[in-house]
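Each chain, written out:
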Amino acid sequence: MKNKVSNILKHGKLGLEEIVTLLRSDGAERTELFSESARIRRKYVGNRVYFRGLIEFSNICDKNCYYCGIRRDNKEVERYSLSDKEILDAALYAFENKYGSVVLQSGELSNSRFASRITRLLKEIKKLSGGKLGITLSVGEQTEEVYREWFEAGAHRYLLRIEASNPGLYAKLHPDDNLHSYQRRLECLYLLQKIGYQTGTGVMIGLPFQTYEDLAGDLLFMKNLDIDMVGMGPYIEHANTPMIDYKSELLPIKARFELSLNMIAVLRILMKDINIAASTALQAIDPIGREKAVKIGANVIMPNITPGIYRDNYNLYENKPLSTDEDDDSKECLEARLKMVDVEPGFGEWGDSKHYFERRKPRGSVRKTLRS
Ligand code: 5AD
Ligand code: SF4
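Residues numbered from 1 in each chain as written. Chains lettered and ligands numbered in written order. Predicted model: local features only at pLDDT ≥ 70, side-chain atom pairs only at ≥ 80, totals over all residues. Heavy atoms only, no water.

## Describing the overall build of the protein
Stage number 1. Check the secondary structure of the protein and you find 15 helices and 12 strands.
Stage number 2. Relative to a compact globule of 372 residues, whose C-alpha radius of gyration would be 21 Å, the protein shows 19 Å and is just as compact.
Stage number 3. Seen along its three principal axes, the alpha-carbon backbone of the protein occupies a region of about 65 × 45 × 45 Å.
Stage number 4. The buried share among the 372 residues of the protein stands at 58%.
Stage number 5. In the protein, the share of contacts with a sequence separation of at least 24, taken over all contacts with a separation of at least 6, comes to 77%.
Stage number 6. Summed over its atoms, the accessible surface of the protein is roughly 15700 Å², and 52% of this surface lies on carbon and sulfur atoms.
Stage number 7. Charge-centre separation for the protein: the mean point of 55 positive side chains lies 6 Å from the mean point of 52 negative side chains. (Helix = DSSP H or I, 4+ residues; strand = E, 2+ residues; numbered from the N terminus. Rg over C-alpha atoms; globule rule 2.2 N^0.38 Å. Buried < 20%, exposed > 50% of the residue type's maximum accessible area, 1.4 Å probe, protein only. Contact = heavy atoms within 4.5 Å. Areas by Shrake-Rupley, 256 points an atom, 1.4 Å probe, with all protein chains shown as cover. Lys, Arg positive; Asp, Glu negative; His and termini not counted. Charge placed at Lys NZ, Arg CZ, Asp CG, Glu CD.)

Set out below in structure tokens:
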């Protein structure tokens, strides 16, 4: 008799129980899972990997998430904020190196100075690249007006990880106050979709208190939300955070890595035409972690192009690749490493989420958005 994983893959029904079985698979079953996810990736989104030059432009954050190394109460971090010129230089570097797009990421601030600064930068980046550089924002929860202003200024993708889609688990990872509301985060995802962004979310994998059912629920959450892009990766503990107290309860780091690959593979099977990023946290555990993710279903890589002197202070978690590892993300190096896993670099291309365009195609008279 064929194994359980084969049966599930053959019948195609992916409910919570089936997903849990796939997430738990190892050995020959896992190989089978990976070959199916790789096949689907090739069939639906092709053989190319797209680049987003990641600019971590500030580690100043108003929030206090229990897991994060740059949380407000961590007084050990040296805070920085890149100047406009440094950000624009990094964007120009991305453009000249044919990365196709940039991601502007920072800690979360929500004041009007911050909002207008981003608007100005978006316009400048569009200008310096003759409109050719794609721009993703990843700067947290904002008001509808601000999201709209940025969309109109040229941002076309937005990443906002839900972190944990189970509200009970979310509550364990965040302070219990208005600034860290699960409901508000969800609302923001709805807003982003309504405004017209290609919308990305994601979760951390291997968190304390997290179960396989939670993770299966995360994947179904992404599917139900009809999300366009996902970035998810292993949780990596950080000594100067409250969650370090639960270190002894974590899966070994290798197991968190393996589980993250399983998550990516199952997500590719569940949502065939979305963009899936190979997260930097994978690379923090295994130097070729991102390539391993690309091999089994991911199709986006985010090379870090934050200037070296700042990068070492954007320490979300321990062992985050440092500026001294910079060469790993050079264009030549990326190209050579991708060859190893038999995919081709999509230099100079936006590589937008196919799912986004499918989702927005008129179906009868009803356009498919979240709440319609
Ligand atoms: N381990 C892994 N990922 C983390 N992030 C924050 N802290 C950690 C950690 N300790 C992730 C969150 C956030 C993204 C910018 O970094 O998912 O959304
Ligand atoms: Fe701030 Fe994001 Fe870290 Fe939370 S996860 S503390 S919002 S940078």
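That covers the picture; the talk isn't over yet.
## Thoughts on the site of ligand 1
Stage number 1. All residues in the neighbourhood of ligand 1 are listed as Tyr67, Cys68, Gln105, Arg161, Glu163, Met204, Pro234, Tyr235, Ile236, Leu316 and Tyr317.
Stage number 2. Measuring from an oxygen atom of ligand 1, one finds a side-chain N or O atom of Arg161 at 2.8 Å.
Stage number 3. For ligand 1, an oxygen atom lies 2.5 Å from a polar atom in the side chain of Glu163.
Stage number 4. If ligand 1 stood free it would expose 400 Å²; the protein chains cover 88% of that surface.
Stage number 5. The cavity where ligand 1 resides is the largest cavity.
Stage number 6. Of the residues that constitute the shell around ligand 1, the class distribution is 8 nonpolar, 1 polar and 2 charged. (Near = heavy atom within 4 Å. Polar contact = N/O pair within 3.5 Å; in protein donor to acceptor, adjacent residues only side chain to side chain. 1 Å grid on protein atoms, 1.4 Å probe; cavity = no way out; pocket = protein on both sides within 12 Å on 5 of 7 lines; lining within 4 Å. Sits in = over half its atoms within 2 Å of the grid points. Nonpolar A, V, L, I, M, F, W, Y, C, P; charged D, E, K, R; others polar.)

## Some remarks on unusual backbone geometry
Stage number 1. Despite not being glycine, Lys98 has its phi angle at roughly 60°, a positive value.
Stage number 2. Non-glycine residue Phe209 carries a positive phi angle of around 75°.
Stage number 3. Judged by its relative accessible area of 33%, Phe209 is partly exposed.

## With respect to helix H5 (residues 112-128)
Stage number 1. With 17 residues, H5 extends 24 Å from end C-alpha to end C-alpha; this agrees with the ideal 24 Å at 1.5 Å per step.
Stage number 2. Restricting attention to buried positions, one finds in H5 the residues Phe114, Ala115, Arg117, Ile118, Thr119, Leu121, Leu122, Ile125 and Lys126.
Stage number 3. Of the residues that open H5, the one with a side-chain oxygen 3.2 Å from the backbone nitrogen of Arg113 is Asn111.
Stage number 4. With its phi angle positive at about 55°, Gly130 sits one or two positions after the end of H5. (Expected span 1.5 Å × (residues − 1).)

## Observations concerning the side chain of His238
Stage number 1. Considering the arrangement of structural elements, one finds His238 in the loop between strand E7 (229-234) and helix H10 (253-270).
Stage number 2. Using a relative accessible area of 9% as the deciding quantity, one classes His238 as buried.
Stage number 3. A distance of 3.1 Å separates the side chain of His238 from the backbone nitrogen of Asn240, its partner in a polar contact.
Stage number 4. Among residues more than four places away in sequence, those in contact with His238 are Tyr67, Gly69, Asn74, Ile244, Asn315, Leu316, Tyr317 and Glu318.

## Topic: the nonpolar core
Stage number 1. Counting residues in hydrophobic clusters, the biggest one holds 110 residues, and the most contacted among them are Tyr147, Trp150, Leu219, Met222 and Met232.
Stage number 2. Top contributing element to this core by residue count: H10, with 10 residues.
Stage number 3. Residues within four places of Leu219 in sequence aside, it is in contact with Ile19, Leu23, Met232, Met263, Val266, Leu267 and Leu270.
Stage number 4. By size, the runner-up hydrophobic cluster in this structure holds 7 residues, among which are Val103, Ala277, Val300 and Met302. (Core = buried A, V, L, I, M, F, W, Y, C linked by side-chain atoms within 4.5 Å.)

## Observations concerning the environment of Glu78
Stage number 1. One can find Glu78 in the loop between strand E1 (48-58) and helix H4 (84-96).
Stage number 2. Classification of Glu78 as exposed rests on a relative accessible area of 57%.
Stage number 3. Taking the C-alpha atoms as reference points, Glu78 and Tyr310, 232 residues apart in sequence, are found 9.3 Å from one another.
Stage number 4. Residues within four places of Glu78 in sequence aside, it is in contact with Asn59 and Asn313.

## Topic: the pattern of salt bridges
Stage number 1. A complete count under the given rule lists 24 salt bridges for this structure.
Stage number 2. The partner of Glu18 in a salt bridge is Lys13, with the nearest N and O atoms 3.2 Å apart.
Stage number 3. Judged by relative accessible area, which is 18%, Glu18 ranks as buried.
Stage number 4. Close ionic contact of Glu237 with Arg256 constitutes a salt bridge, the shortest N to O distance being 2.9 Å. On the criterion of sequence distance, the pair formed by Glu237 in the loop between E7 and H10 and Arg256 in helix H10 is long-range, its members being 19 residues apart.
Stage number 5. With a relative accessible area of 10%, Glu237 lands in the buried category.
Stage number 6. Residues joined by salt bridges that share partners form a network here, namely Lys63, Glu108, Glu141, Glu163 and Arg185. (Salt bridge = Lys/Arg side-chain N within 4 Å of Asp/Glu carboxyl O.)

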